[in-house]
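Overview (structure and organization)
So you can see what is in the structure, the chains are spelled out below.
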Amino acid sequence: MTYPEALEYTASLLKFGVRLGLERFRELLRRAGDPHTAFRAVHVAGTNGKGSTTAFIASALREAGYRTGHYLSPHLFDFRERIQVDGALIPPEAFARQVERLKPVAEELARDERYGPTTEFELITAAAFGHFAEEGVEVAVLEVGLGGRLDATNVIPPPLAAVITSIGLDHQEVLGHSLRQIALEKAGILKPGVPVVTGVTQEEALGAIREVAHERWCPLHRVEPAALRRADGYAYYASDARGLSVWLPETPLIGLQLALRGTFQHANAAMAAATLNLLRSRGLEVSDEALRRGLEQARLPGRFQVLHLQDPPRTLVLDVAHNQDGARALAEALEHAFSGRKALFVVGMKSNHDPAEFLPPLREHVERLWVSQPRTSPRPVEELLEVARRLHLPAEPAPSIPEALERALEHAAPDQPVVLTGSLLTVGELPEPYRSLAAEG
């Protein structure tokens, strides 16, 4: 099987949609030799921030000398971003080999009425586990795809630690319509006795996580801004002219200079630091130097990524925010980075994300707005334009994301940011040569 054939087969499973549940996937892995039992793991769930948090943790583990797997979803520019070992994307031939091995097993399950068809996400996750086992990964950092309790990644044996980054109202059609319901789904990754780190601060959501942690005897470690410091917290963080500082129980990290920009990354880096500190008590050797280097060097394209373009000089900001909390974080990052300078925005959203929640937090930062659709699962342009009109934002449609971006760049002043946002799919349509510049980090 060639790499294009493997991608084609994987894409053919999209028609089966999202089918949450673990029985079918456990059987797929069993017949494939249980590759998920070959490595230890750190399991990360959350509404926002889980991708960046996994990147921080994986980077530090690599710096500490561990052969490290990193599983992300979805990808931004290259499908192979989803499966990485020591920062290297899975080679095309390796992905093809994993899919070729899994395809007959998936077809067997599809013919068995007890299990039914394998989904695209299940196949990719199984391929990741197979690649990690084949490559001798010691620790894999796994990002949950959707929710947690019924997500395919939740088949792993008890991990070294679990992380719940944040709770927000997202994917409500699947996860529930309250913070409590969504938190309970995310907390489904907690395994008996395994420590959990969380940056959740809303009492409704935190209460639900506490309940599950108590039921499963999971030590709960909260990470909070220093301004909200409570006596039972585990780690605290704040930023000043020196950079980000994180106070852990024994190790203060002062003046961190993160490559991942945006003030919202401070919470993610602090949660990663707290998790890595806990891993020391679980038998992993992570020095203070490796911890600092890993946090500072971590990279993940599309997370408040600022590109400085030439000919003509322009500033392009890429951010995959797609919900209300993400928009608030983006607004705060823009304020901090550009001192209130209004930006030109290019926005495209998926069909299951709501522009009426996404656009209002950005209102004060928008000078002008171009609206288009990502090619996959688009939200109708008319809906975004109607929300923009209600907010009194100058907005116009464009036939595609690349054309909308070119119009915004043409209108921008040299010192004015152009922001491409609204969905990971939208940022993923970034055209060349900007894409190569972004992929380089």
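Below is a summary of the structure that appears in this document. Being a predicted model, the structure only gives us computed values, none of them experimental. (Residues numbered from 1 in each chain as written. Predicted model: local features only at pLDDT ≥ 70, side-chain atom pairs only at ≥ 80, totals over all residues. Heavy atoms only, no water.)

1. Quick word on the nonpolar core
One finds Ile 57, Leu 61, Val 246 and Leu 295 to be the most contacted residues of the largest nonpolar core, which totals 43 residues. With nine residues, the single largest contributor to this core is helix α9 (residues 265–281). Formed by 37 residues, the second largest nonpolar core is a distinct cluster that contains Phe 39, Ile 83, Val 99 and Ile 156. (Core = buried A, V, L, I, M, F, W, Y, C linked by side-chain atoms within 4.5 Å. Buried < 20%, exposed > 50% of the residue type's maximum accessible area, 1.4 Å probe, protein only. Helix = DSSP H or I, 4+ residues; strand = E, 2+ residues; numbered from the N terminus.)

2. Focus: the sheet that holds strand β17 (residues 417–421)
Taken in spatial order, the six strands line up as β12-β13-β17-β14-β15-β16 in an open sheet, and their pairing is mixed. Each end of this open sheet is capped by a strand with a single partner; those strands are β12 (305–309) and β16 (395–397). Taken pair by pair, the neighbouring strands of this sheet meet at an average axis angle of 20°, ignoring direction. Sheet analysis places strand β13 (residues 314–318) next to β17, joined by four bridges and oriented parallel. Following the sheet pairing, Val 317 is matched in β17 by Val 419. Against the sheet, helix α13 (residues 381–390) engages β14 (343–347), β15 (366–371) and β16, with an angle of about 170° to β16. Of the strands in this sheet, β12, β13, β14, β15, β16 and β17 are in contact with helix α14 (residues 401–411), which crosses β14 at around 175°. (Pairing = 2+ DSSP bridges. Axes fitted to C-alpha atoms, helices over the stretch in contact; angles between N-to-C directions. Contact = heavy atoms within 4.5 Å.)

3. Quick word on the packing of aromatic side chains
Centre distance and the angle of the planes are the two values used to describe a pair of aromatic rings. Scanning the entire structure with this criterion turns up six aromatic pairs. When the ring of Phe 25 is compared with that of Phe 129, the centres are 6.4 Å apart and the planes differ by 45°; the resulting orientation is tilted. Taken together, the residues span a long stretch of sequence, with Phe 25 in helix α2 (residues 23–31) and Phe 129 in helix α5 (residues 120–134) at a distance of 104 residues. Like Phe 25, the residue Phe 129 is buried in the burial classification. Each member of the aromatic cluster is reached from another via a ring pair, and the members are Phe 25, Phe 39, Phe 129 and Phe 132. (Phe/Tyr/Trp six-rings, centres within 6.5 Å; stacked < 30°, edge-to-face > 60°.)

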